[in-house]
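Each chain, letter by letter, is given below.
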Amino acid sequence: MKSFIAFLRGINVSGQKKIKMADLKQALESNGLDNVQTYIQSGNLVFDADEINLTQLEDAIHETIASTFGFDVPVLVLTRQKLIGILDANPFSDEPDKKSLYYVLLKTKPNTDLVTEFNQLKFENEDFHITDSCVYLCCKAGYGKAKLSNNLIERKLKVEATARNLRTMLKMAEMGKAD
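So, a few notes on the structure that sits alongside this text. Computed from a predicted model, the values in this text were never measured in an experiment.

### Thoughts on the pairing of strand β5 (residues 101-106)
Then step 1. Burial analysis of β5 places 6 of its 6 residues in the buried class, the great majority of the element.
Then step 2. Burial of β5 is two-sided: the residues Leu101, Tyr103 and Leu105 facing one way and the residues Tyr102, Val104 and Leu106 facing the other way are all buried.
Then step 3. Relative to strand β7 (residues 134-139), β5 runs antiparallel, the two being bridged by 5 bridges. From the neighbouring strand, Tyr103 faces β7, where its bridge partner is Tyr136.
Then step 4. Inspection of the sheet shows β5 paired to strand β8 (residues 161-165) by 5 bridges, in the antiparallel sense. Within β8, the position partnered with Leu106 by the bridge is Ala161.

Structure follows, in structure tokens:
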């Protein structure tokens, strides 16, 4: 068994796609995942599985949620090592206000031309850096007031994505088991 971390997009946000974490845990464990743990209500999971293909794990979680709860929920699965690599590569890690740091995790590598186009954009009180797997954000006025949102990033880069703050990312790395 290997440990994985999953991020679900858009559940229990503003009353949409409401799923109780205990019900989600039970559904996933009934469908082959082991030792499922959740963190807060917004779709952060750690689990063990025999399957090691990330796409197959994403598909299995997606299908379980769709068949059990009736929601189409994008799923991103990472290894703990990959998550720590994303954390370590943050170009804004020296930012004194750690509450301004956000990670928009990308399901697929964005098209180079779209990244070049996106890099021309400017946002007041917001900085960003795009890599193959993450858009790093520094939102000095807070993410809630940011123009540079998950929806904008998905639309402009034409990829599925899900955003998390630094605290959630650190907690998920802590909950994940070392390989």
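Back to the write-up after that little detour.
### Comments concerning the pattern of salt bridges
Then step 1. All told, the structure shown has 7 salt bridges when counted by the stated rule.
Then step 2. Notably, a salt bridge pairs Glu154 with Arg9, separated by 2.9 Å at the nearest N-O pair. Within this pair, whereas Glu154 is found in helix α5 (residues 150-157), its partner Arg9 is found in the loop between β1 (2-8) and α1 (21-30), the two being separated by 145 residues in sequence.
Then step 3. Take Glu154: its relative accessible area is 18%, and that puts it in the buried class.
Then step 4. The partner of Lys171 in a salt bridge is Glu174, and the shortest N-O contact between them spans 3.2 Å.

So, how was this worked out
Residues numbered from 1 in each chain as written. Predicted model: local features only at pLDDT ≥ 70, side-chain atom pairs only at ≥ 80, totals over all residues. Heavy atoms only, no water. Buried < 20%, exposed > 50% of the residue type's maximum accessible area, 1.4 Å probe, protein only. Helix = DSSP H or I, 4+ residues; strand = E, 2+ residues; numbered from the N terminus. Pairing = 2+ DSSP bridges. Salt bridge = Lys/Arg side-chain N within 4 Å of Asp/Glu carboxyl O.

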